[in-house]
Amino acid sequence: QDAIADGSAMLMQNPPNPFNQATEIGYRLPDGTATAMIMLCDMNGKMLQTYPLPVNTTAGTLTIQAGSYTPGMYLYTLLVDGAQIDTKQMIILAH
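Caption draft 1: Looking closely at the overall build of the protein chain. Within the protein chain, the secondary structure is distributed over one helix and seven strands. When the elements of the protein chain are put in sequence order from the N terminus, they spell out α-β-β-β-β-β-β-β. For 95 residues, the compact-globule estimate of 2.2 N^0.38 gives 12 Å, and the C-alpha radius of gyration of the protein chain, at 13 Å, lies within 12% of that figure. Counting only C-alpha atoms and orienting by the principal axes, one finds that the protein chain spans roughly 40 × 25 × 20 Å. Buried residues in the protein chain amount to 36% of all 95 residues. For the protein chain, contacts bridging at least 24 residues in sequence account for 59% of all contacts bridging at least 6.

Following this line, the structure appears as structure tokens:
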């Protein structure tokens, strides 16, 4: 919870958004993070995929390929050591 309060954990909005090929989700992790992941859900809250993140770095990007999912709106959430940091929306266009 300290990571949320001091802003050392952060989830960025994906560019481009909307997209039809690939997009990148930027994130920042606090020092000493034990586990981190980005969870992708549909708009009904059904978890579609979890992407484990490397914890030996404090910042990075995750690339999502549009071809893996049907067109529509999705939610992605950053979890750090089991705590939900932030959730954002992305839109996948028909490819």
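Caption draft 2: Broad picture of the environment of Leu-29. Considering the arrangement of structural elements, one finds Leu-29 in the loop between strand 2 (22-28) and strand 3 (36-42). Residues Leu-29 and Val-55 lie 26 residues apart in sequence; the distance between their C-alpha atoms is 7.5 Å.

Caption draft 3: The arrangement of the pairing of strand 7 (residues 83-92) in detail. Two strands pair when backbone bridges link them, and strand 6 (residues 72-80) and strand 7 are joined in this way by nine bridges, in the antiparallel orientation. Each residue of the ladder has a partner; that of Val-80, found in strand 7, is Ala-83. Two successive antiparallel strands, strand 6 and strand 7, enclose a turn made up of two residues, where Asp-81 displays a positive phi of approximately 50°.

Caption draft 4: Looking closely at the pattern of salt bridges. Across all of its chains, the model carries one salt bridge by this definition. A salt bridge links Asp-86 to Lys-88; its shortest N-O distance comes to 3.2 Å.

Caption draft 5: Fine view of the packing of aromatic side chains. According to the stated counting rule, one finds one aromatic pair in the structure shown. Aromatic pair Tyr-69 and Tyr-74: ring centres 5.8 Å apart, planes at 55°, arrangement tilted. Both residues of the pair, Tyr-69 and Tyr-74, count as buried.

Caption draft 6: Geometry of the sheet that holds strand 1 (residues 10-11). As summarised here, the arrangement of the three strands in space is 1-2-5, forming an open sheet in which the pairing is antiparallel. Across the chains shown, the open sheet's two edge strands, defined by having one partner strand only, are strand 1 and strand 5 (59-65). The pairing of strand 1 with strand 2 spans two bridges and is antiparallel. Of the residues in strand 2, the one forming a bridge with Leu-11 is Tyr-27.

Caption draft 7: A look at the sheet that holds strand 4 (residues 47-52). Read from one edge to the other, the open sheet built from four strands follows the order 4-3-6-7, with strand pairing classed as antiparallel. Every interior strand has two partners, whereas the edge strands, strand 4 and strand 7, have only one. Across the sheet, the mean angle from the axis of one strand to that of its neighbour is 20°, orientation sign disregarded.

Analysis parameters
Residues numbered from 1 in each chain as written. Predicted model: local features only at pLDDT ≥ 70, side-chain atom pairs only at ≥ 80, totals over all residues. Heavy atoms only, no water. Helix = DSSP H or I, 4+ residues; strand = E, 2+ residues; numbered from the N terminus. Rg over C-alpha atoms; globule rule 2.2 N^0.38 Å. Buried < 20%, exposed > 50% of the residue type's maximum accessible area, 1.4 Å probe, protein only. Contact = heavy atoms within 4.5 Å. Pairing = 2+ DSSP bridges. Salt bridge = Lys/Arg side-chain N within 4 Å of Asp/Glu carboxyl O. Phe/Tyr/Trp six-rings, centres within 6.5 Å; stacked < 30°, edge-to-face > 60°. Axes fitted to C-alpha atoms, helices over the stretch in contact; angles between N-to-C directions.

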